[in-house]
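Here are the chains, one letter per residue:
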Amino acid sequence: MSTELKLKELSKKEDLFTHGHRMCAGCGAPIIVKMVLLAAEHPVIAANATGCLEVSSCISEYTAWKIPWIHTAFENAAATISGVETMYRAYKKKGKMDKDVKFIAFGGDGGTYDIGFQSLSGAMERGHDMLYICYDNGAYMNTGIQRSSATPRGADTTTCPAGSVIPGKPQRRKDLTRIMAAHNIPYAAQAAPSHWLDLMKKVRKALSAGGPTFMNIISPCNRGWRSKTDDAIALSRLAVETCYWPLYEVENGETRLTFKPKTKKPLIEFLKPQGRFKHLFAPENEQRLKQLEADIDAEWQRLLKESAG
């Protein structure tokens, strides 16, 4: 499988995730799914955890998917697709199938970081030849914008509302990409839809790795982030350029940055367009903003050191 991508050739490929879905206008998730399926060079079978993407893309007899697609429960997308991959290997061994097929699971951060973490970890440990993609919008957006362990510190959600008692979520977000890389899988990476070429090259790397792989992709949600409906790509780019969402890969244990901003932008440029952080700009929260910036700076320095070594 080649990681080389040519825009002209991609433009001629059929969209395997089509218009007509009911995702919110400006949602990052359908953009991500289109890129992923365009990057794939073989037939794909997908499992989809319950969540925004699932409930909005296949309603009754209407579907936006042009591939075999399985709706699973919130907690078991990884287990479902690992079972399908096992059946496929059995069919090939018996000579009942000879085509190359790739297997992808999609889940939001609620169904990945939290509810589905056990089945995801198990699938990675067992060594299934599959790619798990988390579209990370930083909360349980489908059920009312409740905090998840992917929610960044300081964000205002319905279950950790900013007010006189707490200034939004008090805990740091879980570093799931590093946790998945610690499973000693062949490939784990972070990507962003604003950097489409980087994202699609990583998809091809993951699908050609010959084992369990994981990608964490930031997925702006204007409803939960309280941002404009046309700024998903702009916010995705700001997340990368402020190093809130660094683009890197861990390939066979080796960490490599795939994008390094020429000049790192201040974190507040990513936070300001989002209503979920507006309370942090009150004078009494100045120190909290500085702490958030310090957290991001420390993580960026760690990545720089790891990728240089």
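Quick caveat, the model's predicted, so the values are computed rather than measured.

Trainee: For this particular structure, what's the right way to read helix α2 (residues 28-39)?
Mentor: Since the α-helix advances by 3.6 residues per turn, residues separated by three or four positions end up pointing in the same direction. Helix length check: α2 (twelve residues) gives 17 Å between terminal C-alpha atoms against 16 Å at 1.5 Å per residue, within 8%. In terms of burial, α2 is a largely internal element, ten of the twelve residues being buried. Of the positions making up α2, those classed as buried are Gly-28, Ala-29, Pro-30, Ile-32, Val-33, Met-35, Val-36, Leu-37, Leu-38 and Ala-39.

Trainee: Help me out: how do you make sense of empty space enclosed by the protein in this one?
Mentor: Empty space among the atoms can be located by rolling a probe the size of a water molecule over them. Applying the stated criterion across every chain yields a total of three cavities of 30 Å³ or more. The volume enclosed by the largest cavity comes to roughly 110 Å³. Considered class by class, the residues forming the lining of the largest cavity number six nonpolar, seven polar and one charged. Estimates place the volume of the second largest cavity at around 50 Å³. Forming the walls of the second largest cavity are Asp-136, Asn-137, Gly-138, Ala-150, Pro-152, Arg-173, Ile-218, Trp-225, Tyr-244, Trp-245 and Arg-276.

Trainee: Whenever I open this one, the layout of surface pockets confuses me. Can you help?
Mentor: Considering only enclosed or pocket space, the largest pocket measures out at about 380 Å³ in volume. Considering the residues around the largest pocket, the lining is formed by 18 residues, among which Arg-172, Arg-173, Tyr-244, Ile-296 and Glu-299 are closest to the centre. Among the elements that take part in the lining of the largest pocket, helix α12 (residues 286-308) stands out by supplying four residues, more than any other. Its residues assigned to classes, the lining of the largest pocket shows eleven nonpolar, one polar and six charged.

Trainee: Please clarify how the packing of α2 against helix α8 (residues 196-207) should be interpreted in this entry.
Mentor: The axes of two packed helices give the description: the angle between them and the distance between them. Contact geometry for α2 and α8: axes closest at 9 Å, N-to-C directions at 50°. The orientation of α2 with respect to α8, classified from their angle, is oblique. Two packed elements cross with a definite hand, and for α2 against α8 that hand is right-handed. Between α2, through Met-35, Val-36, Leu-38 and Ala-39, and α8, the contact on the second element is made entirely by Trp-196, Leu-199, Met-200, Val-203 and Arg-204. Across the contact of α2 with α8, the residue classes tally to eight nonpolar, no polar and one charged.

Trainee: Help me understand the environment of Ser-307 in this model?
Mentor: In this structure, Ser-307 sits in helix α12. Taking relative accessible area as the criterion, Ser-307 reaches 26% and is therefore assigned partly exposed. Each C-alpha atom, one on Ser-307 and one on Ala-29, is 29 Å from the other, the two residues being 278 residues apart in sequence. Leaving out residues up to four positions away in the same chain, Ser-307 has contacts with Thr-255, Arg-256 and Leu-257.

Trainee: Please clarify how the pairing of strand β7 (residues 187-191) should be interpreted in this entry.
Mentor: Consecutive side chains of a regular strand alternate in pointing toward one face of the sheet and then the other. Burial within β7 is extensive, with five of its five residues counted as buried. Burial along β7 is two-sided: Tyr-187, Ala-189 and Ala-191 facing one way and Ala-188 and Gln-190 facing the other are all buried. Direction of pairing for β7 relative to strand β8 (residues 213-218): parallel, over a ladder of five bridges. Residue pairing across strands places Tyr-187 opposite Thr-213, the latter belonging to β8.

Trainee: What's the story with the pattern of salt bridges in this structure? I'm lost.
Mentor: Under the criterion given, the structure shown has 19 salt bridges. For Asp-295, the salt bridge goes to Arg-153, with nearest N and O atoms at 2.5 Å. Placement of the pair is Asp-295 in helix α12 and Arg-153 in the loop between β6 (131-136) and α7 (176-181), with a sequence separation of 142 residues. Residue classification places Asp-295 among the buried positions, given a relative accessible area of 10%. For Arg-153, a relative accessible area of 25% puts it in the partly exposed group. Between Asp-297 and Lys-264 there is a salt bridge, with its nearest N and O atoms 3.1 Å apart. You can see Asp-297 sitting in helix α12 and its partner Lys-264 sitting in the loop between β10 (254-257) and α11 (268-271), a full 33 residues away along the chain. We classify Asp-297 as partly exposed; its relative accessible area is 31%. The exposure class assigned to Lys-264 is partly exposed, which follows from its relative accessible area of 26%. Here the residues in one salt-bridge network are Arg-178, Glu-299, Arg-302 and Glu-306, joined through shared partners.

Scoring rules and cut-offs
Residues numbered from 1 in each chain as written. Predicted model: local features only at pLDDT ≥ 70, side-chain atom pairs only at ≥ 80, totals over all residues. Heavy atoms only, no water. Helix = DSSP H or I, 4+ residues; strand = E, 2+ residues; numbered from the N terminus. Expected span 1.5 Å × (residues − 1). Buried < 20%, exposed > 50% of the residue type's maximum accessible area, 1.4 Å probe, protein only. 1 Å grid on protein atoms, 1.4 Å probe; cavity = no way out; pocket = protein on both sides within 12 Å on 5 of 7 lines; lining within 4 Å. Points joined across faces, edges and corners; volume = space filled by probe spheres on them. Nonpolar A, V, L, I, M, F, W, Y, C, P; charged D, E, K, R; others polar. Axes fitted to C-alpha atoms, helices over the stretch in contact; angles between N-to-C directions. Parallel < 35°, antiparallel > 145°, perpendicular 65-115°, else oblique. Left-handed = near helix turned anticlockwise from the far one by under 90°. Contact = heavy atoms within 4.5 Å. Pairing = 2+ DSSP bridges. Salt bridge = Lys/Arg side-chain N within 4 Å of Asp/Glu carboxyl O.

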